[in-house]
Amino acid sequence: MKTGVLFVCLGNICRSPLVEEVFRDFVRQQKIDHLFQIDSCGTANYHIGDPPDIRAIKTAFSHGLTLNHLGRQFNHSDFQYFHFIIAMDKNNQSDLLRHAKSPQHQKQIHAFRKFDPMGDETLDVPDPYYGNIADFEKVYEIAKRTSENLLQFILKNK
Ligand code: 4NP
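Residues numbered from 1 in each chain as written. Predicted model: local features only at pLDDT ≥ 70, side-chain atom pairs only at ≥ 80, totals over all residues. Heavy atoms only, no water.

(A) How the structure looks around the site of the ligand. Neighbouring the ligand are Cys-9, Leu-10, Gly-11, Asn-12, Ile-13, Cys-14, Arg-15, Tyr-46, His-47, Asp-127 and Tyr-129. Backbone polar atom of Leu-10 to an oxygen atom of the ligand: 2.9 Å apart, as the coordinates give it. Calculation on the ligand without its partners gives an accessible area of 350 Å², and the protein chains cover 91% of this total. (Near = heavy atom within 4 Å. Polar contact = N/O pair within 3.5 Å; in protein donor to acceptor, adjacent residues only side chain to side chain. Areas by Shrake-Rupley, 256 points an atom, 1.4 Å probe, with all protein chains shown as cover.)

Written out as structure tokens, the structure reads:
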């Protein structure tokens, strides 16, 4: 069975679709992408069916990545399909924990920046929605330097 990895932010148009694609690209480079089901979603319902924010698309494109995602909202059944549920910030994490119905569900939820070699679990991936393109580039940089540690954690704990 494939290992499911789900990246979660608020709107699913800025951070999580960008982080999803950076992580997918990293896993592809390791030639193990066939072992994974990678997706993203939002805790909110604001952008269901929407493509990512144009600034996320441009940031990805400038690094050779294409975002094909359409926004969707977190659903309780995601606990069944995604072994690792990765929150972009503390609000996303507490919203997800409210959905958790068992200690097993709680264990599936992690803060993305726990795996950042330059961060810790008290830190958020800053929301670039009200920011500018440089703020999207910062999200890209966090994702780029964090993907390896996250993959190592998943391979050890799957
Ligand atoms: P995201 O950013 O959670 O990184 O996708 C946001 C996108 C949309 C909104 C807030 C944050 N919004 O309020 O519509």
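Once you've had a look at it, read on.
(B) Broad picture of the layout of surface pockets. Of the voids in this model, the largest pocket is the one considered here, and its volume is about 180 Å³. Surrounding the largest pocket, His-83, Phe-84, Gln-104, Lys-107, Gln-108, His-110, Phe-153, Asn-157 and Lys-158 form its lining. Taken together, the elements giving at least two residues each to the lining of the largest pocket come down to α5 (103–108) and α6 (133–157). Tallying contributions element by element places α5 first for the lining of the largest pocket, with three residues. The class makeup of the residues in the lining of the largest pocket is two nonpolar, five polar and two charged. (1 Å grid on protein atoms, 1.4 Å probe; cavity = no way out; pocket = protein on both sides within 12 Å on 5 of 7 lines; lining within 4 Å. Points joined across faces, edges and corners; volume = space filled by probe spheres on them. Helix = DSSP H or I, 4+ residues; strand = E, 2+ residues; numbered from the N terminus. Nonpolar A, V, L, I, M, F, W, Y, C, P; charged D, E, K, R; others polar.)

(C) Here's a closer look at helix α1 (residues 15–29). With 15 residues, α1 ought to run about 21 Å at 1.5 Å a step, and its terminal C-alpha atoms sit 21 Å apart, in line with that. Buried residues dominate α1, accounting for 13 of its 15 residues. Just downstream of α1 lies Lys-31, where phi reads positive at about 60°. (Expected span 1.5 Å × (residues − 1). Buried < 20%, exposed > 50% of the residue type's maximum accessible area, 1.4 Å probe, protein only.)

(D) A look at the pattern of salt bridges. Inspection of every chain in the model, using the stated rule, returns 14 salt bridges. Across the salt bridge formed by Arg-24 and Glu-21, the nearest N and O atoms sit 2.6 Å from each other. Placement of the pair is Arg-24 and Glu-21 together in helix α1, with a separation of three residues, close to one helical turn. A salt bridge links Asp-39 to Arg-72; the nearest nitrogen and oxygen atoms lie 3.1 Å apart. With Asp-39 in strand β2 (residues 36–42) and Arg-72 in the loop between α2 (54–62) and α3 (78–81), this pair connects stretches of sequence that are 33 residues apart. Taking relative accessible area as the criterion, Asp-39 reaches 15% and is therefore assigned buried. (Salt bridge = Lys/Arg side-chain N within 4 Å of Asp/Glu carboxyl O.)

(E) View of unusual backbone geometry. Residue Asn-12 is not a glycine yet carries a positive backbone phi of 60°. Positive phi values are uncommon outside glycine, yet Lys-31 reaches one of about 60°.

(F) The arrangement of the nonpolar core in detail. Membership of the largest hydrophobic core comes to 32 residues, with the highest contact counts inside it found for Val-5, Phe-7, Phe-23 and Phe-112. Of all elements in the fold, only β1 (3–9), α1, β2, α2, β3 (84–87) and α6 reach the threshold of two or more residues within this core. It is α6 that provides the largest number of residues to this core, a total of eight residues. Not counting chain neighbours up to four residues away, the residues in contact with Val-5 comprise Phe-23, Phe-36, Gln-37, Ile-38, Asp-39, Phe-82, Phe-84, Ile-86 and Ile-154. (Core = buried A, V, L, I, M, F, W, Y, C linked by side-chain atoms within 4.5 Å. Contact = heavy atoms within 4.5 Å.)

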